[in-house]
Amino acid sequence: MALERTLFIVKPDAVRRNLIGRILASVEERGFRVAEARLARLTREEAQTFYAEHQGKPFFTDLVEYMTSGAVMLTCLEAENAVAGLREAVGATDPAQSAPGTLRKLFGESKQMNSVHASDSQASAEREVKFFFGLAALSR
Ligand code: CMP
């Protein structure tokens, strides 16, 4: 199986609770390598563009508000089968519905404040890694 790269974000609720280290340790223990990382504060425009597919949904305005409310840890993770593997490690959107041992079950607070983001497909991973880290980060 080929190495893949995917986007992983530690969201503001988790950064606020000092969970960056524990969450990144947990993904490393699950076999992912941190290929790129940057602490950032998203602008409204960045959050709106990043989540463009959710524009018009009832939670969109609150989502942008939340994602710009504090720092986020942006990372590009590498592993074999990284996209699907990370989605499995992250769990369902709603922490209450997430399987035991998943990151959202362990750390998430609510459907919105679910602590982490992971690209949901190969196409999203390409778009999202490029959006935050540039084209070169897809294959370095
Ligand atoms: P994420 O995987 O980053 O993708 C979109 C985000 O929108 C999601 O995680 C949640 O933070 C948020 N979200 C999705 N569905 C809902 C919902 N029904 N109510 C509130 N927030 C949501």
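So what exactly am I meant to see when it comes to the environment of Gly31 here?
Along the polypeptide, Gly31 turns up in the loop between helix H2 (20–29) and strand E2 (33–40). When the C-alpha atoms of Gly31 and Gly85 are compared, they prove to be 9.5 Å apart, with 54 residues separating the residues in sequence. If sequence neighbours within four positions are ignored, Gly31 has contacts with Glu78 and Ala79.

I would appreciate a short explanation of the pattern of salt bridges in the present structure.
Should their charged atoms come close, side chains of opposite charge can pair. According to the stated counting rule, one finds six salt bridges in the structure shown. For Glu109, the salt bridge goes to Arg17, with nearest N and O atoms at 3.6 Å. Of this pair, Glu109 sits in the loop between helix H6 (103–107) and strand E4 (116–118) while Arg17 sits in the loop between helix H1 (12–16) and H2, and the two are 92 residues apart along the sequence. A relative accessible area of 47% places Glu109 in the partly exposed class. Residue classification places Arg17 among the partly exposed residues on the basis of a relative accessible area of 32%. A salt bridge links Glu128 to Arg127; the nearest nitrogen and oxygen atoms lie 4.0 Å apart. For Glu128, a relative accessible area of 2% corresponds to the buried category. Residue classification places Arg127 among the partly exposed residues on the basis of a relative accessible area of 35%.

Conventions and cut-offs
Residues numbered from 1 in each chain as written. Predicted model: local features only at pLDDT ≥ 70, side-chain atom pairs only at ≥ 80, totals over all residues. Heavy atoms only, no water. Helix = DSSP H or I, 4+ residues; strand = E, 2+ residues; numbered from the N terminus. Contact = heavy atoms within 4.5 Å. Salt bridge = Lys/Arg side-chain N within 4 Å of Asp/Glu carboxyl O. Buried < 20%, exposed > 50% of the residue type's maximum accessible area, 1.4 Å probe, protein only.

Don't take any of this as a statement about function, it's just geometry.
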